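# Coordinates in review
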Amino acid sequence: MKLSALFLSLLISLTSLHCSGDPVLTFMAGGAPNEIAYWESVVETFEEETGIAVRLIRQTTDTDQRKQSIILALRGRRSDPDVMLVDVAWIGQLAASGWLMPLNDYNIDTQPFFSPVISLANTYEESLIGLPLYVDGGLLYYRKDLLEKYGYDSPPQTWEQLLEMAKTVQNGEREHNSDFWGYVWQGAQYEGLICNALETFVSAGGGILDSHGNSITSTEENVKALEFMISLIHEHAVSPPNTFTDMKEEEVRMTFQAGNTLFQRNWPYAWGLHNAKDSEIKGKVAIAPLPSFPEHQSAATLGGWHAVVSAYSDMPEEAVQFLQYITSYDVQKDMTLNLGWNPGRSDLYENETIQSSAPHLVELKPVFEGAVPRPVVPYYSEISQILQKQINAALAGQVSAAQALENADKGIVNLITTHENAQ
Ligand code: GLC
């Protein structure tokens, strides 16, 4: 009897706690396990400092999946999440749909942030719609101990050199490690594949759209670049056969981190994890710009994530306060030191602690400044879908490089015409 009374009163107090009506700010973020852990600690400190309760809604690492769940919430005009992290690849689409709250009334100082990023990604019809949390660019990670072991004194500058080194080291290492691979990169059918393809295309003198917005998908340069990507898997077998079925950022990162690979293409986030205490390859890794074809420039796709507020947020004031907090000098500094991300604030690159603890980021600043954006058009996601399907089929050997790019070109030209006619 006593026990059930106790249980009842406990239940009542729990229910009243739950219904006390204190609003909770919701924040949607995703990524590798260390990123989630980082956001948990940021949320906790913000709560302590402001007394505003925040619920973290955890997402995966895959940008396409993250986009789907965000669009689902926004299309349903749900008040949660209030604050979200969105990819530079699709922030324009969310803004064009009217789903992001304009921040103009909140006196936000955009001066400390990279100004091309603010104008390219964070401004929509003259309204500020977000702030850059971090800037991404594709990089070549390599094992300096292994290059040295096989007599190479610097990382490759051309794709041919990369192939030659990958073959030599793979042959040598396979004698005692049958799982060893020369080069791992993102080839699965998703957004990351387009980032890899764009880098290879541009490093051969190609691209996706020209400066007038016309498709240059089916050019000789792109065919040569795609044939090279295919040859890495099939002809030279320096990239694993699951490149086109499984390889996304984390799969690639983990393969490299297991100590089984010479080269890896990945974003800056992998650096912190490779050099973590429990990493097999701590201290053995270095980074360089990605290679190019002779007489062409190396290219890094411009990536990165932005903090935005939902147009349907029922706590806009608190949401802006949180957004300003996570993009503040101190939190961005902490984020860079903890996660190895390139901050969206350019003023942090002058910080002495950053310069001494993350010299690689400061050194590679030109790579990020010169990074190549994906086409900045409101229908970019549709372009990406077409390319993902065709390029992935070519990597799988189902269609030739030339045919895949011709098919993609037709689809993209149709898309452009449809959008022009609708205007
Ligand atoms: C990274 C980049 C993002 C890109 C994605 C592709 O998260 O920051 O811009 O779209 O990778 O997988």
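Residues numbered from 1 in each chain as written. Predicted model: local features only at pLDDT ≥ 70, side-chain atom pairs only at ≥ 80, totals over all residues. Heavy atoms only, no water.

Most of strand 3 (residues 83–87) is tucked away, with 5 of its 5 residues classed as buried. Bridge count for strand 1 (residues 25–30) against strand 3 is 2 bridges, and the pairing is parallel. Paired with Phe 27 across the two strands is Val 83, which belongs to strand 3. Sheet topology places strand 3 next to strand 11 (residues 302–309); 5 bridges connect them, and they run antiparallel. Looking across to strand 11, one finds that Leu 85 is bridged to Ala 307. (Buried < 20%, exposed > 50% of the residue type's maximum accessible area, 1.4 Å probe, protein only. Helix = DSSP H or I, 4+ residues; strand = E, 2+ residues; numbered from the N terminus. Pairing = 2+ DSSP bridges.)

The strand order across the open sheet built from 6 strands is 2-1-3-11-6-12, with neighbouring strands paired in mixed fashion. Looking at which strands have only one partner, the edges of the open sheet turn out to be strand 2 (54–59) and strand 12 (342–343). Of the strands in this sheet, strand 1, strand 2, strand 3 and strand 11 are in contact with helix 3 (residues 63–75), which crosses strand 3 at around 135 degrees. Lying over the sheet, helix 13 (residues 329–339) contacts strand 6 (131–137) and strand 12, oriented at roughly 25 degrees with respect to strand 6. (Contact = heavy atoms within 4.5 Å. Axes fitted to C-alpha atoms, helices over the stretch in contact; angles between N-to-C directions.)

Next up on the list: the site of the ligand. Asp 87, Asp 136, Glu 249, Gly 304 and Arg 374 are the nearest of the 13 residues found near the ligand. Within the side chain of Asp 87, a nitrogen or oxygen atom sits 2.5 Å from an oxygen atom of the ligand. Within the side chain of Trp 267, one N or O atom sits 3.1 Å away from an oxygen atom of the ligand. Protein contacts shield 95% of the accessible area of the ligand, which totals 310 Å² for the unbound molecule. (Near = heavy atom within 4 Å. Polar contact = N/O pair within 3.5 Å; in protein donor to acceptor, adjacent residues only side chain to side chain. Areas by Shrake-Rupley, 256 points an atom, 1.4 Å probe, with all protein chains shown as cover.)

So, about the packing of helix 2 (residues 33–50) against helix 13. Packing of helix 2 against helix 13 brings their axes to within 11 Å, and their N-to-C directions diverge by 150 degrees. Our classification of the angle between helix 2 and helix 13 gives roughly antiparallel. As helix 2 packs across helix 13, the resulting crossing turns out to be right-handed. Here Asn 34, Glu 35, Tyr 38 and Val 42 of helix 2 lie close against helix 13, whose contacting residues are Val 331, Asp 334, Met 335, Asn 338 and Leu 339. Considered class by class, the residues forming the contact of helix 2 with helix 13 number 5 nonpolar, 2 polar and 2 charged. (Parallel < 35°, antiparallel > 145°, perpendicular 65-115°, else oblique. Left-handed = near helix turned anticlockwise from the far one by under 90°. Nonpolar A, V, L, I, M, F, W, Y, C, P; charged D, E, K, R; others polar.)

Moving on to the domain arrangement of the protein chain. Per the domain assignment, the segments making up the protein chain are domain 1 (2–136 + 302–372) and domain 2 (139–301 + 376–422). In this structure, domain 1 and domain 2 have C-alpha centres spaced 29 Å apart. Contact with domain 2 buries surface across domain 1, with Asp 136, His 360 and Val 372 losing the most and accounting together for 23% of the total. Where domain 1 touches domain 2, the interface holds 1 salt bridge. Lys 248 serves as the salt-bridge partner of Asp 62, at 2.5 Å between the closest nitrogen and oxygen. Scanning the region where domain 1 abuts domain 2 turns up 7 residue pairs in polar contact (both at pLDDT 80 or more). Those elements that provide at least two residues to the side of domain 1 that touches domain 2 are helix 2, helix 3, strand 11, helix 15 (359–363) and helix 16 (365–369). Taken together, the residues of the side of domain 1 that touches domain 2 break down into 14 nonpolar, 9 polar and 5 charged. (Domains from an automatic or database assignment. Buried area = accessible area lost by both parts, 1.4 Å probe. Salt bridge = Lys/Arg side-chain N within 4 Å of Asp/Glu carboxyl O.)

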